[in-house]
Amino acid sequence: MNLIVRFAGGFLLAAAGVALAQGEARLIPAPSVSGFERDASLQRGARNFANYCLNCHSAQYMRYNRLTDLGLTEAQIKDNLMFATEKIGGTMTVAMTTADATAWFGAPPPDLSVEARVRGKDWLYSYLLAFYRDDKTATGWNNLVFPNVAMPHALWSLSGQKKLVDIEYEDRDKAEAAAVAAKGLVLVEPAVGGKYFVKTLTEGTPGALTNVEYERFVSDLVNYLDYISEPVKNDRINIGIVVLIFLGVLFALVYALKRDYWKELH
Ligand code: HEC
């Protein structure tokens, strides 16, 4: 028993070591919402997305009127979420062309329709919490989860401006021990001479929201991105359950029928 625990522990440490050595940040898991809160969270997430992300990112597989699935009326969608002259049956597109965007930011803002399926919820949640002030980049921002990202921190007025804490360690073991002990987002990066940097974030200037409020804002937004990446996920799961129940009932009936047919032959 003891041996298994030790073996598993060693394995976990080794796995953590690999992840850290590759220069990937340790993520913060996205909070999950109960079914009861789901629609309210998605409605807030849709509002957050339309207000803060849609000016650069499209969601071209998402139609505005699909948002009625979340309990919004068409009037609410038009008044609160549609700023340009789009049609209610249209998709969430942007006016910016890819060429312009590349010229402005150095990289085009990707379409976010299926982003949650590409990156996963935890990555998105952590990414939106990982922006910090950096005078060395073109935008003045940098990100612990996506180093040197071309996106400016679109939510800085809400989150405030975080600062980077960059501590150098002599070797990898010391750096990893420090990373394991640190709370929240951590990035371990190899430096020259076999040294390692452990990067974390600390409070800078506060924003309009408290940390807890900002985390909820981001969590709603990530729920929404997860929802648009597969709007029929709940339907799909429900249909699957109905099909399994149907097959179960069918099996029972067919089996009873088979026994009835073979009764006289035995
Ligand atoms: C000012 C324009 C702008 C705004 C506003 C903006 N982004 Fe971005 N975003 C970009 C650009 C440009 C990139 C490409 C960055 C790169 O590849 O380095 C990007 C990249 C991303 C990525 C990473 C994509 C990937 O997997 O490579 C995500 C996720 C993202 N944005 C989410 C958001 C969310 C959510 C919002 C709203 C809170 C938002 N963005 C607002 C410009 C913007």
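Look up a bit, the structure's there.
Residues numbered from 1 in each chain as written. Predicted model: local features only at pLDDT ≥ 70, side-chain atom pairs only at ≥ 80, totals over all residues. Heavy atoms only, no water.

**Q** Can you lay out the nonpolar core for me, pointing to particular residues and giving the numbers?
**A** If you look at soluble globular proteins, the nonpolar side chains tend to sit buried side by side. If you look at the biggest cluster of nonpolar residues, it comprises 47 residues, and the most contacted ones within it are Phe49, Leu67, Met92 and Tyr224. Looking at this core, the elements with two or more residues in it are helix 2 (35-52), strand 1 (59-63), helix 3 (74-81), helix 6 (121-129), strand 3 (131-133) and helix 9 (211-229). When residues in this core are grouped by element, the largest group, nine residues, is from helix 9. Ignoring any residue separated from it by four or fewer positions in sequence, one finds Leu67 in contact with Ala46, Met62, Leu72, Ile77, Leu81, Met92 and Tyr224. With seven residues, the next largest nonpolar core counts Ala178, Val186, Val188 and Val198 among its residues. (Core = buried A, V, L, I, M, F, W, Y, C linked by side-chain atoms within 4.5 Å. Buried < 20%, exposed > 50% of the residue type's maximum accessible area, 1.4 Å probe, protein only. Helix = DSSP H or I, 4+ residues; strand = E, 2+ residues; numbered from the N terminus. Contact = heavy atoms within 4.5 Å.)

**Q** Before we move on, could you go through the site of the ligand and cite the residues and values that matter?
**A** As a structural note, the neighbourhood of the ligand is formed by 22 residues, with Cys53, Cys56, His57, Glu115 and Met151 the closest of them. Contacts to the ligand include His57, whose side-chain N or O atom sits 2.7 Å from a nitrogen atom. Put simply, the ligand lies in the largest pocket. Where the shell around the ligand is concerned, the elements lending two or more residues are helix 5 (115-119) and helix 6. Residues belonging to the shell around the ligand are distributed by class as follows: 19 nonpolar, one polar and two charged. (Near = heavy atom within 4 Å. Polar contact = N/O pair within 3.5 Å; in protein donor to acceptor, adjacent residues only side chain to side chain. 1 Å grid on protein atoms, 1.4 Å probe; cavity = no way out; pocket = protein on both sides within 12 Å on 5 of 7 lines; lining within 4 Å. Sits in = over half its atoms within 2 Å of the grid points. Nonpolar A, V, L, I, M, F, W, Y, C, P; charged D, E, K, R; others polar.)

**Q** Could you give me a rundown of the packing of helix 6 against helix 9, with the residues and numbers involved?
**A** At a closest axis distance of 9 Å, the pairing of helix 6 and helix 9 adopts a crossing angle of 140 degrees. One finds that helix 6 runs oblique with respect to helix 9. Of the two elements, helix 6 crosses helix 9, and the hand of that crossing is right-handed. Here Lys121, Leu124, Tyr125, Leu128 and Leu129 of helix 6 lie close against helix 9, whose contacting residues are Tyr214, Glu215, Val218, Ser219, Leu221, Val222, Asn223, Leu225 and Asp226. The residue inventory of the contact of helix 6 with helix 9, partitioned by class, reads nine nonpolar, two polar and three charged. (Axes fitted to C-alpha atoms, helices over the stretch in contact; angles between N-to-C directions. Parallel < 35°, antiparallel > 145°, perpendicular 65-115°, else oblique. Left-handed = near helix turned anticlockwise from the far one by under 90°.)

**Q** Account for the sheet that holds strand 6 (residues 187-190), naming residues and giving values.
**A** With respect to topology, three strands assemble into an open sheet ordered 5-7-6, the strand pairing being antiparallel. Of all strands in the sheet, those bounded by a partner on one side alone are strand 5 (160-169) and strand 6. Neighbour-to-neighbour, the strand axes of this sheet turn through a mean angle of 35 degrees, independent of strand direction. Where strand 6 meets strand 7 (residues 196-206), four bridges bridge the pair, whose relative direction is antiparallel. Along strand 7, the bridge assignment pairs Pro190 with Tyr196. Of the strands in this sheet, strand 5, strand 6 and strand 7 are in contact with helix 8 (residues 172-181), which crosses strand 7 at around 30 degrees. (Pairing = 2+ DSSP bridges.)

**Q** Quick rundown of the coordination of the iron atom of the ligand? Include the residues and the values.
**A** Looking at the iron atom of the ligand, one finds its protein donor set to be His57 (NE2) and Met151 (SD), positioned 1.9 to 2.1 Å from the metal centre. Of note is the iron atom of the ligand, whose six donor atoms meet at the metal with angles of 88 to 178 degrees in an arrangement that counts as octahedral. In this pair, His57 is assigned in the loop between helix 2 and strand 1 and Met151 in the loop between strand 4 (141-143) and helix 7 (156-159), connecting sequence segments 94 residues apart. (Donors = N, O, S within 2.8 Å, 3.2 Å for Na, K, Ca; no water. Tetrahedral: all angles 85-135°; square planar, octahedral: opposite > 155°, others 65-115°.)

**Q** Explain the packing of helix 2 against helix 9 to me, and be specific about the residues and the numbers.
**A** Between helix 2 and helix 9, whose axes approach to 7 Å, the crossing angle comes to 95 degrees. When the axis of helix 2 is compared with that of helix 9, the two are roughly perpendicular. On helix 9, the residues that touch Arg38, Ser41, Leu42, Arg44, Gly45, Ala46, Asn48, Phe49 and Tyr52 of helix 2 are Arg216, Phe217, Asp220, Leu221, Asn223, Tyr224, Leu225 and Tyr227. In terms of residue class, the contact of helix 2 with helix 9 is made up of nine nonpolar, four polar and four charged.

**Q** Could you give an account of unusual backbone geometry, with specific residues and numbers?
**A** Its identity as a non-glycine residue notwithstanding, Asn148 has a phi of 60 degrees, on the positive side. Tracing the sequence through the fold places Asn148 in the loop between strand 4 and helix 7. Asn148 sits in the exposed class, given a relative accessible area of 59%.

**Q** Help me get a handle on the pairing of strand 7, residues and values and all.
**A** Summarising the sheet, strand 5 and strand 7 pair through nine bridges and their orientation is antiparallel. Note that in strand 7 the partner of Ile167 across the bridge is Val198. Here strand 6 hands over to strand 7 after five residues, with Gly193 in that stretch at a positive phi of 70 degrees.

**Q** Before we move on, could you go through the layout of surface pockets and cite the residues and values that matter?
**A** Its volume calculated, the largest pocket comes out at about 520 Å³. Only helix 5, helix 6 and helix 9 provide two or more residues apiece to the lining of the largest pocket. Take the lining of the largest pocket: its biggest share by element is four residues, from helix 6. Taken together, the residues of the lining of the largest pocket sort by class into 22 nonpolar, two polar and two charged. (Points joined across faces, edges and corners; volume = space filled by probe spheres on them.)

These figures come from the coordinates and say nothing about function on their own.
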